[in-house]
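For reference, the chains in residue letters:
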Amino acid sequence: MTGATAGTPPGGAMTGTATSGHPRVAVVGAGITGLTAAFEVLSARPGAEVTVLEAEPVAGGKIARHRADGYTVDLGPNGFLDNGTDTRTLAEALGLGPRLRPAADAARDRFLLRGGRLLPLPLGAAAFAASPLLGPAAKARVLAEPLVGRARGEETVHAFLARRFGHRTAALLAAPLVHGVTSGDPWTTSLDAAFPRVRALERDRGSLLLAALRGRLLRAAG
Ligand SMILES: Cc1cc2nc3c(=O)[nH]c(=O)nc-3n(C[C@H](O)[C@H](O)[C@H](O)COP(=O)(O)OP(=O)(O)OC[C@H]3O[C@@H](n4cnc5c(N)ncnc54)[C@H](O)[C@@H]3O)c2cc1C
């Protein structure tokens, strides 16, 4: 792909339109960032001449899918959190609102593959106490998380988890957490860049454990 009139859906036909008197904008990259930037420019300045430049033959960047035997396989992202409104607002502005599919309830259950077995991630207090994923000492270290102070600077995801929850928990969770979200490397991925809300939670609330507990209590209270 060489050039695209912004507003064209990812993977759609590409034409350039020159309209004199309007700003000319070039966007490099037709991943969701570039396409969103182009869409925002056109929304703010209708008639702007926007060209999206993309090295690959199709738009979408990391967002891609493969169809085989009647199945659709997501090659990258398969969803987004809609408790912040930005992505949802964008999808609706693009007319995609009716096509959004909420995640199935079963997707709340997360599993780790350990020794050939799928073990559920313990999300409640009783499940945590009974879980074979961590030994007693590692569990005690997790429970000590509220006593840990806030970070003084940027950290990797692994360093963050090790500092707050202990090394065993970091060894268990850092890779699945980062692989599951961005396919990145927890030893080099910056928590601050990739998971800014987690950093904000630590900064604003101090303890992630207590913040999660508070969230559960609030939800239970409706
Ligand atoms: C396996 C996987 C699973 C993921 N799951 C989720 C998920 O469930 N939910 C979620 O929110 N996020 C998820 N992510 C993260 C999400 O996919 C990315 O954050 C997002 O797609 C990045 O979009 P982008 O436009 O910034 O970059 P990219 O998608 O990488 O797009 C950049 C584009 O720019 C092009 N480009 C780069 N340089 C040039 C150049 N010089 N000239 C022309 N073109 C250029 C590239 O070819 C590419 O098309 C996942 C990522 C991966 C890899």
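Whatever comes next refers back to the structure up there.
The notes below deal with the structure included here.

Reading the values: the criteria
- Residues numbered from 1 in each chain as written.
- Predicted model: local features only at pLDDT ≥ 70, side-chain atom pairs only at ≥ 80, totals over all residues.
- Heavy atoms only, no water.
- Pairing = 2+ DSSP bridges.
- Helix = DSSP H or I, 4+ residues; strand = E, 2+ residues; numbered from the N terminus.
- Buried < 20%, exposed > 50% of the residue type's maximum accessible area, 1.4 Å probe, protein only.
- Contact = heavy atoms within 4.5 Å.
- Near = heavy atom within 4 Å.
- Polar contact = N/O pair within 3.5 Å; in protein donor to acceptor, adjacent residues only side chain to side chain.
- Nonpolar A, V, L, I, M, F, W, Y, C, P; charged D, E, K, R; others polar.
- Patch = residues over 30% accessible without salt bridge, like charges linked within 9 Å, V, L, I, M, F, W, Y side chains within 5 Å.
- Areas by Shrake-Rupley, 256 points an atom, 1.4 Å probe, with all protein chains shown as cover.
- Salt bridge = Lys/Arg side-chain N within 4 Å of Asp/Glu carboxyl O.

Examining the pairing of strand β4 (residues 71-74)
Here is step 1: Sheet analysis places strand β3 (residues 65-68) next to β4, joined by four bridges and oriented antiparallel. Note on β4: the bridge partner recorded for histidine 66 is valine 73.

Quick look at helix α5 (residues 157-165)
Here is step 1: Burial of α5 is extensive: seven of the nine residues sit out of reach of the surface.
Here is step 2: For α5, the set of buried residues is Val157, His158, Phe160, Leu161, Ala162, Arg164 and Phe165.
Here is step 3: Next to the buried residues of α5 lie α4 (136-143), α6 (167-182), α7 (191-194), α8 (196-205) and α9 (208-220).
Here is step 4: At the C-terminal side of α5, glycine 166 shows a positive phi close to 100°.

Notes on the site of the ligand
Here is step 1: Thr33, Glu54, Lys62, Gly79 and Val181 are the nearest of the 20 residues found near the ligand.
Here is step 2: With respect to the ligand, the side chain of glutamate 54 contributes an N or O atom lying 2.7 Å from an oxygen atom.
Here is step 3: Elements supplying a minimum of two residues to the shell around the ligand: α1 (32-44) and α6.
Here is step 4: Tallied by class, the residues present in the shell around the ligand amount to eight nonpolar, nine polar and three charged.

Some thoughts on a nonpolar patch on the surface
Here is step 1: Taken together, the side chains of Tyr71, Val73 and Leu75 define a hydrophobic patch exposed on the protein surface, amounting to about 340 Å² of accessible area.
Here is step 2: One can find leucine 75 in the loop between β4 and α2 (86-93).

Some thoughts on the pattern of salt bridges
Here is step 1: For the structure on display, the rule yields twelve salt bridges.
Here is step 2: Here arginine 88 and glutamate 92 are joined by a salt bridge, their closest N and O atoms 3.1 Å apart. Of this pair, arginine 88 and glutamate 92 both sit in helix α2, four residues apart, which is roughly one turn of the helix.
Here is step 3: On the basis of relative accessible area, arginine 88 is assigned to the partly exposed category, the value being 31%.
Here is step 4: As a salt-bridge pair, arginine 163 and glutamate 202 come within 2.8 Å of each other at their nearest N and O atoms. In this pair, arginine 163 is assigned in helix α5 and glutamate 202 in helix α8, connecting sequence segments 39 residues apart.
Here is step 5: Given the relative accessible area of 2%, glutamate 202 is considered buried.
Here is step 6: The structure contains a network of salt bridges with shared partners spanning Glu145, Glu155, Arg163, Arg164, Asp192, Arg199 and Glu202.

This is a description of form; function is not addressed.
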